[in-house]
Amino acid sequence: DPAVRHVQGSVSTYFKTKPGYDGRITFDLSDSLQISAVKYHGEVISSYTHQGNRVTIEGLRVPAGVGEVDSIMIDYQGVPVDDGLGSFTVDEHEGVPVLYTLSEPYGAKDWWPCRQDLNDKMDSVMVVVTVPKGYRAASNGMLISQCGCDDRDIYCWLHKHPIAAYLVAVAVTNYSVYSDFVPLTNIGINDSIEILNYVYPETLERTKGESKAIIRPFQIFNELFGLYPFADERYGHAEWNWGGGMEHQTMSFMGSFGYDLLAHELAHQWFGDFLTCGSWRDIWLNEGFATYLTGLCYERDQDGIYWEPFKRLSIRRVVREPAGSVYCYDTTDVDRIFDARLSYSKGAMVLHMLRWEMGDSAFFRGINQYLYDPAHANGYARTEDLKRHLEAAA
């Protein structure tokens, strides 16, 4: 209920056992939330602890062989803490309640039991949201069903691609819904990608005009970095009250619909979502790339008139203070992780310097080899992985 700061639900996790599995599994879950029950093979079990934002479940069956699929269900409820950048927010727009999540970097545990380390990804996720009548729920992937019962509506979203825990999201309010479409004929495919927009009713007419600006950046990224990674589903936006945007996989949450923000959050679908930094120390692999890809749109769109200003302003932002690395040495400081000068602008200009040194052909070849390396495509990468591919391409 977007009018109430409270969450209640059940999370079923399916997992494959690996060598060394001893019948124990752990989850991240804020101690502000209470576990109602842990269920295993249909039975309520008591062999678990919930301490210090960590749930440890023990005594599970150890299969004879590895690779077997098992599952565990956690029922929980409570009032999420107000943490980080606002991991679970209840607010209003025009007097109407709105609820949205923002889990990056450490906030997923604040509203659902998960494994939020940058280690492995869920291979798919289904999010079923029950809301009061009159509200819509936005989430990841495809809306596969919508039904009502009594005074409630139930929305079921399914995303069938690997996804990190911090990229799972939910937003609920009285959204208006419309779609834009990106034609794909320019890359030899006679089809289109749907962009599903969930926006506040009071901004609907304005946003309908603004959101179409994403079509050309979409085509540019398809041409430079391969087809949108989730083209078999769709892309989308959900409006929220936060000042900027967040690249939730297939459904970016947007505080506005300007060209820069549209391009930046879309760029993350390749660099940040499909390929995710393997440590918050390497956050520049997400943010530096998304910032530079926005610059590439300025270079290739609107007659290139904003390309030179983009570079000048980026350099000015970087050099206004001395020193500082794109590599984040203090990941306990959320403000340092998302430092606009270093993680964003300097990250972007490091990429531009590499492009200048290598030349376009080798640079873009190396970037694509990095992006689609089977060792980490659809997974996580570190700075050393990027270095290795650019050195090989050069």
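Summary of the structure given here. (Residues numbered from 1 in each chain as written. Predicted model: local features only at pLDDT ≥ 70, side-chain atom pairs only at ≥ 80, totals over all residues. Heavy atoms only, no water.)

### A look at the pattern of salt bridges
- Under the counting rule described, the total for this entry stands at 17 salt bridges.
- The partner of Asp75 in a salt bridge is Lys39, and the shortest N-O contact between them spans 2.9 Å. Separated by 36 residues along the polypeptide, Asp75 in strand E7 (residues 69–78) and Lys39 in strand E3 (residues 33–40) bring together distant segments of the chain.
- According to the relative accessible area criterion, Asp75 is buried, its value standing at 11%.
- Here the residues in one salt-bridge network are Glu299, Arg300, Arg355 and Asp360, joined through shared partners. (Salt bridge = Lys/Arg side-chain N within 4 Å of Asp/Glu carboxyl O. Helix = DSSP H or I, 4+ residues; strand = E, 2+ residues; numbered from the N terminus. Buried < 20%, exposed > 50% of the residue type's maximum accessible area, 1.4 Å probe, protein only.)

### A few points about the sheet that holds strand E10 (residues 125–132)
- Strand order in the open sheet made by the 3 strands is E10-E13-E12, with antiparallel pairing throughout. Each of the sheet's edge strands pairs with one partner strand only, and the pair in question is E10 and strand E12 (142–149). On average, adjacent strands in this sheet sit at an angle of 15° to one another, irrespective of strand direction.
- Of the strand pairs in this sheet, E10 and strand E13 (residues 152–159) are connected by 8 bridges, and their pairing is antiparallel. Bridge pairing in E13 links Pro132 to Arg152. (Pairing = 2+ DSSP bridges. Axes fitted to C-alpha atoms, helices over the stretch in contact; angles between N-to-C directions.)

### Describing the packing of aromatic side chains
- In total, this model carries 30 aromatic pairs according to the counting rule given.
- Their ring planes at 75° and their centres at 5.2 Å tell us that Phe218 and Tyr228 sit as a pair that is edge-to-face. One end of the pair, Phe218, is in helix H2 (residues 215–225); the other, Tyr228, is in the loop between H2 and strand E17 (235–239), with 10 residues separating them in the sequence. Just as Phe218 is buried, Tyr228 falls in that class too.
- Measuring from centroid to centroid gives 6.0 Å for Trp307 and Phe310, while their planes differ by 10°, and the two rings are stacked. A residue pair is termed a helical-turn pair when its members lie 3 or 4 positions apart in one helix, as Trp307 and Phe310 do in helix H5 (residues 307–319) at 3 residues.
- The exposure class assigned to Trp307 is buried, which follows from its relative accessible area of 8%.
- Against the face of Tyr380 rests Lys121, its NZ or CZ located 5.3 Å from the ring centre. (Phe/Tyr/Trp six-rings, centres within 6.5 Å; stacked < 30°, edge-to-face > 60°. Lys NZ or Arg CZ within 6 Å of the ring centre and 35° of its normal.)

### Description of a nonpolar patch on the surface
- A contiguous nonpolar surface patch, about 350 Å² in accessible area, is contributed by Met126, Val128, Met142 and Ile144.
- Following the sequence through the fold, Met126 ends up in strand E10. (Patch = residues over 30% accessible without salt bridge, like charges linked within 9 Å, V, L, I, M, F, W, Y side chains within 5 Å. Areas by Shrake-Rupley, 256 points an atom, 1.4 Å probe, with all protein chains shown as cover.)

### A look at the nonpolar core
- Within the largest apolar cluster, 117 residues are counted, with the highest numbers of intra-cluster contacts made by Ile57 and Phe225.
- A total of 9 residues in this core trace back to one element, the largest contributor, which is helix H4 (residues 284–300).
- For Ile57, the contacting residues outside a window of four places in its chain are Gly23, Arg24, Ile25, Phe27, Val38, Ile45, Ser47, Tyr48, Ile72 and Ile74. (Core = buried A, V, L, I, M, F, W, Y, C linked by side-chain atoms within 4.5 Å. Contact = heavy atoms within 4.5 Å.)

### So, H2
- Counting buried positions along H2 yields 8 of 11 residues, so the element is predominantly enclosed.
- If you check which residues of H2 are buried, you get Pro217, Phe218, Gln219, Ile220, Phe221, Asn222, Leu224 and Phe225.
- Against the buried residues of H2 lie strand E15 (176–183), strand E16 (192–199), E17, helix H3 (259–267), H4 and helix H8 (360–371).
- Where H2 terminates, the next one or two residues include Gly226, which has phi positive at roughly 90°.

### Observations regarding the environment of Asp31
- Of note, Asp31 is situated in the loop between strand E2 (25–28) and E3.
- Taking the C-alpha atoms as reference points, Asp31 and Arg54, 23 residues apart in sequence, are found 7.8 Å from one another.
- With residues up to four places along the chain from it excluded, the contact list for Asp31 reads His50, Gly52 and Asn53.

### Side note on the pairing of strand E5 (residues 48–51)
- With 4 bridges connecting them, E5 and strand E6 (residues 54–57) associate as antiparallel partners. Across the sheet, Thr49 pairs through a bridge with Thr56, a residue of E6.
- Counting the residues in the hairpin turn of E5 and E6 gives 2 residues, including Gly52, whose phi is positive at 55°.

### Focus on the environment of Arg115
- Relative to the elements of secondary structure, Arg115 occurs in the loop between strand E9 (96–101) and E10.
- Placed 49 residues apart in sequence, Arg115 and Ala164 show a C-alpha to C-alpha distance of 8.8 Å.
- Beyond its immediate sequence surroundings of up to four residues, Arg115 is in contact with Ile25, Thr26, Phe27, Asp28 and Ala165.
- At 2.7 Å, the side chain of Arg115 and the backbone oxygen of Thr26 are in polar contact. (Polar contact = N/O pair within 3.5 Å; in protein donor to acceptor, adjacent residues only side chain to side chain.)

### Thoughts on the side chain of Asp70
- Position of Asp70 relative to the elements: it lies in strand E7.
- Buried charged residue Asp70 carries no salt bridge. Nearest counter-charge: Arg61, at 4.3 Å.
- Only 2.5 Å separates the side chain of Asp70 from the side chain of Tyr40, close enough to count as a polar contact.
- With residues near it in sequence (within four places) discarded, Asp70 still touches Thr13, Tyr14, Phe15, Tyr40, His41 and Arg61. (Lys, Arg positive; Asp, Glu negative; His and termini not counted.)

### Describing the sheet that holds E5
- Across the sheet, which stays open at both edges, the 3 strands sit in the order E2-E6-E5 with antiparallel pairing between neighbours. A single partner strand is all that each edge strand has here, and the edge strands are E2 and E5. Sheet twist, expressed as the average angle between the axes of neighbouring strands with direction ignored, equals 15°.

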